[in-house]
Amino acid sequence: MKKWGFTTLIIILLLIIAVSKLVEQRSGSAESADGLIQEIALRSSGQSLQVMEEQLYTGDLLLVNSDSPIRPQGTQPDVTELFGHSELTGPASLLERDIRLSRGVALKFVVMVDAAANEGIEHFMISSGYRDELEQSRLYKEKGSDYALPPGYSEHHLGLALDIGSTEGPMAEAKEGKWLEKNAARYGFVLRYPADKTEITGISFEPWHFRYVGLPHSVLMKKNNWVLEEYLDMLEEKEAISTTVNGQKYEVCYYAPERLSELKIPKGRDYALSGDNRGGLILTLYP
Ligand SMILES: [Zn+2]
């Protein structure tokens, strides 16, 4: 009797394993049929990395402008309210209580404004952060097409862009604006709509609008006076560049849709992947 009980137990266990394998396989094949672009073998390792179509429309380097609307997955997943969280605002004040931003970007913003405060520049005010399509549509109706983008086409939908003002006066003249214009790139932010690039961005000079793109991209853009449109065009053309920031070497590789199968990530390297919202993928290898 004892022996029979043991055999039954073994059979039940085997059945459970078989069923769970079957379920695993099914979900795997559903995934590949639905948006899996490439399964990529990591260089010198047996692991593989799956690049989902979604990856092409997420990340810090997405271009959102009047030609390139945001996709639903483009909004940073960690958008949060800033009010009541001094760790997310530092010495900056908030124009309104309901301002939201990516938590990760807010933490980078605090590092930046803390550095400014150490130099005696501390009258920053965040006047806008993440906007959903409803808020953008309200703004568009209120301000008109000369001053606002239609819903879906604003960088504010990403959670990576924010409008920073000064409580001391207009940003074009305030110390806060001048400090940011000069130093923001060191902290991963770029002045997104400079005065000399209005023909490329399609947006008039906005000394208050900053966009997080991360290192080393912000430093490269600032050094070469490129806006995001120009930077992505350059990456697409060169395909691979390397640069040294603060003595640390970064590599940036661009993969056009037809080259995605060539994507290689050296074993043990820290990296980030970002789409460009135009079908390409950018790999950043950190020092
Ligand atoms: Zn803005």
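Below is a short write-up of the structure. Within each chain, residue numbers correspond to sequence positions counted from 1 in written order. Residues qualify for local features only when their pLDDT is at least 70, as the model is predicted, and side-chain atom pairs are given and counted only at 80 or more; totals for whole chains, interfaces and linings, by contrast, use all residues. To get the side-chain values, take all heavy atoms of the structure and skip hydrogens and water.

### Examining the side chain of asparagine 277
Stage number 1. Secondary structure elements are taken from DSSP: a helix is a run of H or I of four residues or more, a strand is a run of E of two residues or more, and numbering for both begins at the N terminus. Relative to the helices and strands, asparagine 277 resides in the loop between strand S12 (271–275) and strand S13 (281–285).
Stage number 2. Remark: exposure states derive from per-residue accessible area (1.4 Å probe, protein chains only) relative to the maximum for the residue type, with buried under 20%, exposed over 50%, and partly exposed in between. Among the residues examined, asparagine 277 registers a relative accessible area of 5% and is labelled buried.
Stage number 3. Under this definition, polar contacts are N or O atom pairs within 3.5 Å; protein pairs additionally need one hydrogen-donor-capable and one acceptor-capable atom, and for neighbouring residues in sequence, both atoms have to be side-chain atoms. A polar contact of 3.2 Å, which involves the side chain of asparagine 277, links it to the side chain of serine 68.
Stage number 4. With residues up to four places along the chain from it excluded, the contact list for asparagine 277 reads Leu56, Tyr57, Leu62, Leu63, Val64, Ser68, Pro69, Ile70 and Arg71. We call two residues in contact when some of their heavy atoms are within 4.5 Å.

### Looking at the packing of aromatic side chains
Stage number 1. A pair of aromatic rings is counted whenever rings of Phe, Tyr or Trp (Trp by its six-membered ring) have centres within 6.5 Å, and the orientation is called stacked for planes under 30 degrees apart, edge-to-face for over 60 and tilted otherwise. Applying the stated criterion across every chain yields a total of four aromatic pairs.
Stage number 2. Measuring from ring centre to ring centre gives 6.2 Å for tryptophan 226 and tyrosine 231, while their planes differ by 35 degrees; the resulting arrangement is tilted.
Stage number 3. Note on tryptophan 226: relative accessible area 25%, which makes it partly exposed.
Stage number 4. Its relative accessible area of 0% is what places tyrosine 231 among the buried residues.
Stage number 5. The residue whose ring lies beneath arginine 71 is tyrosine 57, and the NZ or CZ to ring-centre distance is 4.0 Å. The rule for a charge over a ring is simple: NZ of Lys or CZ of Arg within 6 Å of the ring centre, and within 35 degrees of the ring normal.

### Observations regarding the pairing of strand S9 (residues 209–212)
Stage number 1. Every second residue of S9 is oriented toward a common face, with His209 and Arg211 on one face and Phe210 and Tyr212 on the other, all of them buried.
Stage number 2. Summarising the sheet, strand S7 (residues 161–166) and S9 pair through three bridges and their orientation is antiparallel. Bridge pairing in S9 links alanine 161 to arginine 211.
Stage number 3. Examined bridge by bridge, strand S8 (residues 189–191) and S9 share three bridges and lie antiparallel to one another. In the sheet register, leucine 191 faces S9, and the bridge partner there is phenylalanine 210. Two strands are said to pair when DSSP picks up at least two bridges between them.

### Quick look at the coordination of the zinc ion
Any two of four tetrahedral donors ideally make an angle of 109.5 degrees at the metal, while pairs among six octahedral donors ideally make 90 or 180 degrees.
Stage number 1. Distances decide who is a donor: an N, O or S atom must be within 2.8 Å of the metal, or within 3.2 Å for Na, K and Ca. Water is not included, so sites may look incomplete. Binding of the zinc ion to the protein goes through His156 (NE2), Asp163 (OD) and His209 (ND1), at separations of 2.0 to 2.1 Å.
Stage number 2. Within one chain, the residues serving as donors to the zinc ion are arranged as H-x6-D-x45-H.
Stage number 3. Owing to a relative accessible area of 3%, histidine 156 belongs among the buried residues under this scheme.

Note that every value here comes from positions in space, so none of it alone points to a role or purpose.
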